[in-house]
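A look at the structure
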Amino acid sequence: MNGDTRTIGFIGLGHMGGPMAANLVKAGHRVIGFDLVPDLVATAAGAGVEVAASSKEAAIAADVVITMLPAGRHVLALYRDEGLLSAARPGTLFIDCSTIDVADARSAHEAGVAAGMRALDAPVSGGVVGAEAATLTFMVGGGQAEFEEAEPLLAAMGRKAVHCGGRGAGQAAKICNNMILGISMIAVSEAFVLGESLGLSHQALFDVASTASGQCWALTVNCPVPGPVPASPANRDYLPGFAAPLMAKDLGLAANAARAGGVPTELGRKAAELYAAYAAGAGATEDFSGILRTLRNGVVTEHRPGPESNPKGGTTA
């Protein structure tokens, strides 16, 4: 796109999609947005997003259509059943930033190509804070030419974009990354709970582990106990940066992919069970780091996630 401005249809203006659309406006692009929730539309309009009466209306004049939706079924329904693909001009680039099942991502790609469009799957990492600050990481699957065309737009919304391979590869990278993150947060939380039982202060454990072999993002950026990292959700009563139901969803997707492929991800499976139980209870409105409190109290029980968890409220992270 050589840095020129584009008309972008943006479908899904939730906690992630809204700030992403706003950052595209800040970069000088014309953004035509749609969401089913009036309050989200109003917020986006305040940020300069033009409001469309439907998803199809948002796509009609677009050079690029970006979707940010809760689950694969929503993406496929929009593409196949609700006429989004038929409303767009032939050759329009569709970028799905939702976090969905790899098989659904591949199906969405195939539906787009069959309709004469070009397609990428480009899920994100960085949460609401990253969406607002335009520091997201995009994991992208699809053709090299399409990736190069999308790069300036992704740069307006994030700090890094990685071309992971062909269709569905972005989703594959996302669920693998978040499996690491979910397991890490449980490990860090259990270590703090164990440290408490041994009379170790949170700060002492943090000071050691953050500069030793236990160092990881779940500890140094999103520390699950109040104090050591002032910006972590633990200091705001676990107000979500990355909501627990979203982590449960992503771990469920990873567990499903592992089962389908016959890959024995034992820790990934266990993390999916723990987060599914946490998100169904106390964690429904909490940051995923809040699982520490339920681990401390011994109230997390195993709960096998379904084929695809669908967290309440807005888009994925």
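Here the structure is a predicted model, which is why all the values come from computation and not from measurement.

**A look at the pairing of strand β1 (residues 7-11)**
Most of β1 is tucked away: five of the five residues are buried. Here β1 shows a buried face lined by Thr7, Gly9 and Ile11 and a second buried face lined by Ile8 and Phe10. Pairing geometry for β1 and strand β2 (residues 30-34), over five bridges, is parallel. The residue of β2 that forms the bridge with Ile8 is Val31. Regarding topology, helix α1 (residues 17-26) serves as the crossover connection from β1 to the parallel β2, and that connection is right-handed.

**A look at the pattern of salt bridges**
Overall, the coordinates contain twelve salt bridges when judged by the stated rule. Arg296 is the salt-bridge partner of Glu196, the closest N and O atoms lying 2.8 Å from each other. Here Glu196 is found in helix α9 (residues 169-197), whereas its partner Arg296 is found in helix α14 (residues 291-297), with 100 residues between them in sequence. Notably, a salt bridge pairs Glu266 with Arg269, separated by 2.9 Å at the nearest N-O pair. In this pair, Glu266 and Arg269 are both assigned in helix α13 (residues 266-280), three residues apart and thus about one turn of the helix distant. Beyond isolated ion pairs, a larger network of salt bridges with shared partners links Asp4, Arg6, Arg118 and Glu149.

**Side note on the confidence of the model for the chain**
Averaged over all residues, the pLDDT of the chain equals 93, while 93% of them reach at least 70. Long-range and interchain partners of residues 303-317, a stretch whose pLDDT sits below 50, account for 56 contacts in this model, where long-range means more than four residues apart.

**Quick word on the packing of helix α12 (residues 244-261) against α13**
Axes are the key here: two packed helices are described by the angle between their axes and the distance separating the axes. Orientation of α12 relative to α13, taken along the N-to-C sense of each, is 150°, at an axis distance of 8 Å. As for the relative orientation of α12 and α13, their crossing is left-handed in sense. Residues Ala244, Pro245, Met247, Ala248, Leu251, Gly252 and Ala255 of α12 form the contact with α13, whose participating residues are Ala271, Ala272, Tyr275, Ala276, Tyr278 and Ala279. The class makeup of the residues in the contact of α12 with α13 is twelve nonpolar, one polar and no charged.

**Details of the packing of α1 against helix α8 (residues 144-157)**
Close contact between α1 and α8 brings their axes to 8 Å; oriented N to C, the two are set at 110°. Viewed along their axes, α1 and α8 adopt a mutual orientation that is roughly perpendicular. With respect to the hand of their crossing, α1 and α8 are arranged in right-handed fashion. Residues Met20, Asn23 and Leu24 of α1 form the contact with α8, whose participating residues are Leu153, Ala156 and Met157.

Cut-off values and rules
- Residues numbered from 1 in each chain as written.
- Predicted model: local features only at pLDDT ≥ 70, side-chain atom pairs only at ≥ 80, totals over all residues.
- Heavy atoms only, no water.
- Buried < 20%, exposed > 50% of the residue type's maximum accessible area, 1.4 Å probe, protein only.
- Helix = DSSP H or I, 4+ residues; strand = E, 2+ residues; numbered from the N terminus.
- Pairing = 2+ DSSP bridges.
- Right-handed = clockwise from strand over helix to strand, strands pointing away.
- Salt bridge = Lys/Arg side-chain N within 4 Å of Asp/Glu carboxyl O.
- pLDDT = per-residue confidence, 0-100.
- Contact = heavy atoms within 4.5 Å.
- Axes fitted to C-alpha atoms, helices over the stretch in contact; angles between N-to-C directions.
- Left-handed = near helix turned anticlockwise from the far one by under 90°.
- Nonpolar A, V, L, I, M, F, W, Y, C, P; charged D, E, K, R; others polar.
- Parallel < 35°, antiparallel > 145°, perpendicular 65-115°, else oblique.

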